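# Fold and geometry: a report
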Amino acid sequence: MAERIDGNAVAEDIRADLRSCVETLTAANETPTLATVLMSPDPASETYVAMKQNDCEELGIDALDIELPLDAPAAELFETIDELNADESVNAILVQSPVPDHVDYREVIERIDPVKDVDGFHPENIGKLVAGYPVYKPCTPHGIQKLLEATDIETAGKEAVVVGRSRIVGKPMANLFIQKATGGNATTTVCHSRTENLAEKTREADILVAAAGVPELIDGSMVGEGATVIDVGINRVDADTDKGYKLVGDVEFASASEKAGAITPVPGGVGPMTRAMLLYNTIKATSLQTGVDVTLP
Ligand code: NDP
């Protein structure tokens, strides 16, 4: 049976190290501030933002919570972003996606000052990542790198297969894997909905990252013997529970565990790491803007 990779425990270790970074900044009168902007039609977004706010408070980071009505004009959101960009007391800005259809998300991303873009989605930050000198690595792939590092799973020289090519997970993950840097140097294949013979590709992986958003897409027959399986998926499926649903990943945990060497559960795998890396980027943003040095984990 595969080793179960405990994302909660690794995230807790990272948060402990980040706490001392916040103390350093606060001692220099530069307490980090993250502004979250919520204008999202997805009911889960409210929960995600609340969790991010809580994470900040626990660590001593100031959290500014801005909510806009769903039918507010796009211009109101853009004005809010402009104000946050100009506000020197705000170090980090996160606009929760998805935004309503009448707002162009691309414009939202491009409006955020790249130095406050702690999601790492601004084209300037993506460009720097691809060029090999990332400033803010997007939180989910960065969290996965940290999870592999903490579990002593080497990426160099390994076959990495990423299922999914989204801007927020698949593409930056593949880019991090191919970097000539720690947590990179992997020979990397990116699969997507037009990939033929997906199972043939995934079976080749030493490290398989599933980020397709399809419940239990990857079963044990698609996993190579001893592979490390990282399940990014968070999918709601109908279930006989109080809420009427349960969360499942993109990997069928039971059968994949029989083949894998190590595997992340859902929940408790990648999710807590994503949240920890948002704190990491917020602290990094504050350090870069204020010139106060911190030792990031
Ligand atoms: P997107 O829907 O933006 O992207 C999904 C990707 O998977 C696309 O590239 C798509 O291909 C590909 N894909 C879809 N179906 C298949 C298939 N049958 N075979 C192969 N590839 C397929 O999703 P995200 O990247 O935003 O998120 C992926 C999952 O991760 C979701 O469940 C999301 O909830 C979860 N998530 C979890 C996070 C965490 O912290 N744990 C953070 C972010 C996301 P194509 O490009 O061709 O359409």
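Scoring rules and cut-offs
Residues numbered from 1 in each chain as written. Predicted model: local features only at pLDDT ≥ 70, side-chain atom pairs only at ≥ 80, totals over all residues. Heavy atoms only, no water. Near = heavy atom within 4 Å. Polar contact = N/O pair within 3.5 Å; in protein donor to acceptor, adjacent residues only side chain to side chain. Areas by Shrake-Rupley, 256 points an atom, 1.4 Å probe, with all protein chains shown as cover. Helix = DSSP H or I, 4+ residues; strand = E, 2+ residues; numbered from the N terminus. Nonpolar A, V, L, I, M, F, W, Y, C, P; charged D, E, K, R; others polar. Patch = residues over 30% accessible without salt bridge, like charges linked within 9 Å, V, L, I, M, F, W, Y side chains within 5 Å. Salt bridge = Lys/Arg side-chain N within 4 Å of Asp/Glu carboxyl O. Lys, Arg positive; Asp, Glu negative; His and termini not counted. Charge placed at Lys NZ, Arg CZ, Asp CG, Glu CD. Core = buried A, V, L, I, M, F, W, Y, C linked by side-chain atoms within 4.5 Å. Buried < 20%, exposed > 50% of the residue type's maximum accessible area, 1.4 Å probe, protein only. Domains from an automatic or database assignment. Contact = heavy atoms within 4.5 Å. Buried area = accessible area lost by both parts, 1.4 Å probe. Phe/Tyr/Trp six-rings, centres within 6.5 Å; stacked < 30°, edge-to-face > 60°. Lys NZ or Arg CZ within 6 Å of the ring centre and 35° of its normal.

Close contacts around the ligand come from 22 residues, with Arg 165, Ser 166, Ser 193, Val 232 and Thr 274 the closest. Ser 166 has a polar side-chain atom sitting 2.5 Å from an oxygen atom of the ligand. Thr 274 places a side-chain nitrogen or oxygen 2.7 Å from an oxygen atom of the ligand. Computed on the free molecule, the ligand has an accessible area of 930 Å², of which 69% lies beneath the protein chains in the complex. Top contributing element to the shell around the ligand by residue count: helix α10 (residues 270–290), with three residues. For the shell around the ligand, a count of residues per class yields eleven nonpolar, ten polar and one charged.

Moving on, we come to a negative patch on the surface. Taken together, Glu 159, Glu 200, Glu 204 and Asp 206 make up a surface patch of like negative charges. Structurally, Glu 200 can be placed in helix α8 (residues 198–203).

Our focus in this paragraph is the nonpolar core. Counting residues in each nonpolar core, the largest one holds 45 residues, and the members touching the most others are Ile 144, Phe 177, Val 209 and Ile 283. Elements supplying a minimum of two residues to this core: α1 (7–27), α2 (43–59), β4 (92–95), α6 (139–150), β5 (159–163), α7 (170–178), β7 (207–210) and α10. Looking at this core, the element that brings in the most residues is α10, giving nine residues. Taken domain by domain, the makeup of this core includes at least three residues from each of domain 1 (27–136) and domain 2 (139–272). Each residue touching Ile 144, except ones within four places of it in the same chain, is listed here: Met 173, Val 209, Ile 230, Val 232 and Val 270. Core analysis: the second largest hydrophobic core is formed by 21 residues, Val 37, Leu 68, Val 108 and Phe 121 among them.

All right, on to the domain arrangement of the protein chain then. Taken domain by domain, the protein chain consists of domain 1 (27–136) and domain 2 (139–272). A separation of 26 Å is found between the C-alpha centroids of domain 1 and domain 2. At the boundary of domain 1 with domain 2, total buried surface from both sides reaches about 750 Å², with 60% on carbon and sulfur atoms. Broken down residue by residue, the surface that domain 1 buries against domain 2 is led by Phe 121, Leu 129 and Val 130, which jointly contribute 49%. Here domain 1 is connected to domain 2 by one residue pair in polar contact (both at pLDDT 80 or more). Of all the secondary-structure elements, those providing two or more residues to the side of domain 1 that touches domain 2 are α2 and α5 (123–131). The element best represented in the side of domain 1 that touches domain 2 is α5, accounting for three residues.

With that settled, the discussion passes to the packing of aromatic side chains. Scanning all chains against the criterion turns up zero aromatic pairs. The lysine or arginine in question, Arg 167, covers the ring of Phe 121, its NZ or CZ lying 5.2 Å from the ring centre. One cation-aromatic arrangement involves Arg 236 over Tyr 245; the distance from NZ or CZ to the ring centre is 4.2 Å.

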